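Single-letter residue listing:
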Amino acid sequence: MNVAAIDELGADVRRLLGERREAPLLLTLDGRPIAVVLGLEDAEDLDRLKLWFSPEFQAMLEASREQHRAGLGIDHDTFWTGLESAVEETS
(Lines give C-alpha, C1' and ligand atoms only; values in the text may rest on other atoms or scores of the structure.)
Protein backbone atom coordinates (compact mmCIF):
# COMPACT_ATOMS: atom_id res chain seq x y z
CA MET A 1 0.00 0.00 0.00
CA ASN A 2 1.29 3.43 -0.91
CA VAL A 3 1.15 6.15 1.73
CA ALA A 4 1.01 9.91 1.13
CA ALA A 5 0.64 12.80 3.53
CA ILE A 6 -2.01 15.31 2.43
CA ASP A 7 0.53 18.13 2.87
CA GLU A 8 2.95 16.39 0.49
CA LEU A 9 0.53 15.62 -2.35
CA GLY A 10 1.10 18.78 -4.39
CA ALA A 11 2.69 17.96 -7.73
CA ASP A 12 2.78 14.24 -6.92
CA VAL A 13 -1.02 13.87 -7.10
CA ARG A 14 -1.06 12.74 -10.73
CA ARG A 15 1.76 10.23 -10.19
CA LEU A 16 0.27 8.88 -6.94
CA LEU A 17 -3.19 8.52 -8.42
CA GLY A 18 -1.69 6.86 -11.48
CA GLU A 19 -0.18 4.22 -9.19
CA ARG A 20 -3.51 3.57 -7.43
CA ARG A 21 -4.26 0.61 -9.67
CA GLU A 22 -1.22 -1.21 -8.37
CA ALA A 23 -2.13 -0.71 -4.71
CA PRO A 24 -4.51 1.40 -2.63
CA LEU A 25 -3.23 4.86 -1.68
CA LEU A 26 -3.46 5.66 2.04
CA LEU A 27 -3.80 9.39 2.73
CA THR A 28 -2.62 10.72 6.05
CA LEU A 29 -3.01 14.03 7.86
CA ASP A 30 -0.61 14.86 10.67
CA GLY A 31 0.59 11.25 10.53
CA ARG A 32 -2.89 9.76 11.03
CA PRO A 33 -4.68 7.77 8.31
CA ILE A 34 -7.74 9.64 7.02
CA ALA A 35 -8.69 8.08 3.67
CA VAL A 36 -7.90 5.40 1.13
CA VAL A 37 -7.97 5.91 -2.63
CA LEU A 38 -8.83 2.77 -4.59
CA GLY A 39 -8.29 2.33 -8.29
CA LEU A 40 -11.28 1.50 -10.47
CA GLU A 41 -11.00 -0.40 -13.71
CA ASP A 42 -14.55 0.17 -14.93
CA ALA A 43 -18.12 1.08 -13.98
CA GLU A 44 -18.66 -2.38 -12.48
CA ASP A 45 -15.92 -1.68 -9.93
CA LEU A 46 -17.79 1.49 -8.92
CA ASP A 47 -21.08 -0.43 -8.69
CA ARG A 48 -19.47 -3.04 -6.41
CA LEU A 49 -17.98 -0.33 -4.21
CA LYS A 50 -21.32 1.48 -3.88
CA LEU A 51 -23.02 -1.82 -3.10
CA TRP A 52 -20.53 -2.65 -0.36
CA PHE A 53 -21.31 0.65 1.39
CA SER A 54 -25.07 0.26 0.97
CA PRO A 55 -26.82 -0.04 4.35
CA GLU A 56 -29.43 -2.27 2.70
CA PHE A 57 -26.77 -4.66 1.41
CA GLN A 58 -25.01 -4.73 4.78
CA ALA A 59 -28.36 -5.51 6.45
CA MET A 60 -28.88 -8.38 4.01
CA LEU A 61 -25.43 -9.74 4.79
CA GLU A 62 -26.05 -9.57 8.53
CA ALA A 63 -29.46 -11.24 8.17
CA SER A 64 -27.80 -13.97 6.13
CA ARG A 65 -25.11 -14.45 8.77
CA GLU A 66 -27.74 -14.71 11.49
CA GLN A 67 -29.70 -17.28 9.50
CA HIS A 68 -26.54 -19.25 8.84
CA ARG A 69 -25.64 -19.26 12.54
CA ALA A 70 -29.17 -20.48 13.32
CA GLY A 71 -28.82 -23.29 10.80
CA LEU A 72 -31.27 -21.65 8.41
CA GLY A 73 -30.71 -20.42 4.91
CA ILE A 74 -32.08 -18.10 2.28
CA ASP A 75 -33.14 -19.43 -1.08
CA HIS A 76 -31.30 -18.43 -4.23
CA ASP A 77 -34.10 -16.32 -5.75
CA THR A 78 -34.74 -14.33 -2.57
CA PHE A 79 -31.05 -13.52 -2.27
CA TRP A 80 -30.67 -12.29 -5.85
CA THR A 81 -33.95 -10.35 -5.81
CA GLY A 82 -32.84 -8.51 -2.66
CA LEU A 83 -29.39 -7.90 -4.07
CA GLU A 84 -30.76 -6.43 -7.29
CA SER A 85 -33.04 -4.12 -5.30
CA ALA A 86 -30.11 -2.90 -3.20
CA VAL A 87 -28.04 -2.20 -6.33
CA GLU A 88 -30.89 -0.22 -7.91
CA GLU A 89 -31.27 1.90 -4.76
CA THR A 90 -27.58 2.85 -4.76
CA SER A 91 -27.53 3.83 -8.45
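Refer to the structure printed above.
Please read all numbers here as calculations on a predicted model, not as lab measurements. (Residues numbered from 1 in each chain as written. Predicted model: local features only at pLDDT ≥ 70, side-chain atom pairs only at ≥ 80, totals over all residues. Heavy atoms only, no water.)

**Considerations on unusual backbone geometry**
Item 1. Although it is not a glycine, D30 adopts a positive phi angle of roughly 55 degrees.
Item 2. With respect to the helices and strands, the residue D30 is situated in the loop between β2 (25-29) and β3 (32-37).
Item 3. In this structure D30 comes out as exposed when scored by relative accessible area, which is 62%. (Helix = DSSP H or I, 4+ residues; strand = E, 2+ residues; numbered from the N terminus. Buried < 20%, exposed > 50% of the residue type's maximum accessible area, 1.4 Å probe, protein only.)

**Quick notes on the pairing of β3**
Item 1. In this structure, β2 lies alongside β3, joined through five bridges in antiparallel fashion. Residue T28 lies in a different strand from β3, and its bridge partner there is P33.
Item 2. The turn linking β2 back onto β3 is made up of two residues, and D30 within it adopts a positive phi angle of 55 degrees. (Pairing = 2+ DSSP bridges.)

**Observations regarding a nonpolar patch on the surface**
Item 1. A grouping of V36, L38, L46, L49, W52 and F53 is seen on the molecular surface, where their side chains present a nonpolar patch of about 580 Å² in accessible area.
Item 2. In terms of residue count, the dominant contributor to the nonpolar patch is helix α2 (residues 43-52) (three residues).
Item 3. Given a relative accessible area of 42%, L38 falls into the partly exposed group. (Patch = residues over 30% accessible without salt bridge, like charges linked within 9 Å, V, L, I, M, F, W, Y side chains within 5 Å. Areas by Shrake-Rupley, 256 points an atom, 1.4 Å probe, with all protein chains shown as cover. Salt bridge = Lys/Arg side-chain N within 4 Å of Asp/Glu carboxyl O.)

**Description of a negative patch on the surface**
Item 1. A cluster of acidic residues, E56, E84, E88 and E89, forms a negative patch on the protein surface.
Item 2. The leading source of residues in the negative patch is helix α4 (residues 76-90), at three residues.
Item 3. In this fold, E89 is placed in helix α4.
Item 4. For E89, a relative accessible area of 53% puts it in the exposed group. (Lys, Arg positive; Asp, Glu negative; His and termini not counted. Charge placed at Lys NZ, Arg CZ, Asp CG, Glu CD.)

**A look at the pattern of salt bridges**
Item 1. Under the counting rule described, the total for this entry stands at four salt bridges.
Item 2. Between E44 and R48 there is a salt bridge, with the nearest N and O atoms lying 3.7 Å from each other. Taken together, the residues E44 and R48, both in helix α2 and four residues apart, mark about one turn of the helix.
Item 3. Between R69 and E62 there is a salt bridge, and its shortest N-O distance comes to 3.0 Å.
Item 4. Residue classification places E62 among the partly exposed positions, given a relative accessible area of 31%.
Item 5. When salt bridges with common partners are traced through the structure, they connect E44, D45 and R48 into a single cluster.

**Notes on the environment of D7**
Item 1. The residue D7 is located in the loop between β1 (2-5) and α1 (13-18) in this model.
Item 2. Owing to a relative accessible area of 64%, D7 belongs among the exposed residues under this scheme.
Item 3. Spatially, the C-alpha atom of D7 lies 8.7 Å from that of T28, the residues being 21 residues apart in sequence.

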